Amino acid sequence: MNKLSVATAVFLGCVPLSGCGKNSNVTNIERVLKADTTTTTGVRSIADVATRMRTISLTGCPPDFSAAYVAHIHAWELFAEVEGDAIVFDANFNSGEAMVEAFIRGIMLDPFGKALEATAEQNRLRANYQRAQIQIRETFHRVEEIAVAHGAELPKKLAQTGKR
């Protein structure tokens with residue numbers, strides 16, 4: 001502690017040795033935020049991110065922060081559902097079976113049926129993707145706001161870029 005911060009602590013009635021530093025809520029919030037910065041490192045799927053986030057202990061965090069972080073996990077889980085839907089879409093519309101079905105429908109005078117189904121499904125996937133992205137961004141902003149309100153410092157990666 002430098003002279004200025006010691007003088008400030010004395011002025012405010014705190015003695016550095018008496019626990020005037022960070023409280024346990026702040027320490028636990030910062031621990032969670034630091035662990036969260038690693039949840040996207042080296043993952044192979046969105047579901048892996050949500051799974052990693054679920055393993056972060058919220059023990060010792062204030063209830064408002066814990067609730068906001070769980071809402072953020074839910075946003076990532078929604079995104080994982082969109083990822084799963086995209087995989088199913090790929091299997092249903094970009095397979096040999098889809099080509100055969102499109103061919104047969106063409107013979108039966110429904111040449112654009114499969115293409116129209118694919119377009120509708122792509123539009124649904126796109127809308128769900130955008131909704132999940134917005135929800136992730138909004139819930140994480142809330143997590144950061146609550147963390148800062150409790151006096152926590154954001155990890156450097158977050159503070160510098162505002163992104164995960």
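Residues numbered from 1 in each chain as written. Predicted model: local features only at pLDDT ≥ 70, side-chain atom pairs only at ≥ 80, totals over all residues. Heavy atoms only, no water.

1. Re helix α3 (residues 46–54)
For α3, the complete set of buried residues consists of I46, V49, A50 and M53. For α3, the angular spread of the buried residues around the axis is 95 degrees, confining them to a single face. (Buried < 20%, exposed > 50% of the residue type's maximum accessible area, 1.4 Å probe, protein only. Helix = DSSP H or I, 4+ residues; strand = E, 2+ residues; numbered from the N terminus. Arc of directions from axis to C-beta.)

2. Details of the nonpolar core
F65, Y69, W76 and V143 are the most contacted members of the largest nonpolar core, which totals 26 residues. Among the secondary structure elements, those contributing two or more residues to this core are α2 (24–36), α3, α4 (63–93) and α6 (113–149). In terms of residue count, α4 provides more of this core than any other element does, nine residues in total. Discounting chain neighbours no more than four positions away, the residues touching Y69 are V32, D36, M53, I56, L58 and V143. (Core = buried A, V, L, I, M, F, W, Y, C linked by side-chain atoms within 4.5 Å. Contact = heavy atoms within 4.5 Å.)

3. Thoughts on the confidence of the model for the protein
It should be kept in mind that the predicted coordinates are not to be read in detail where pLDDT is low. Confidence in the prediction for the protein averages 79 pLDDT; 67% of positions are at 70 or higher. The element-level mean pLDDT for the protein is lowest in helix α1 (residues 3–11), coming to 39, with α2 highest at 96. Counting interchain partners and residues more than four positions distant, the pLDDT-below-50 stretch residues 1–20 has six contacts. (pLDDT = per-residue confidence, 0-100.)

4. Observations regarding the environment of L58
Within the element layout of this structure, L58 appears in the loop between α3 and α4. Taking the C-alpha atoms as reference, L58 lies 6.9 Å from V32; in sequence the two are 26 residues apart. With residues near it in sequence (within four places) discarded, L58 still touches R31, V32, S66, Y69 and V70.

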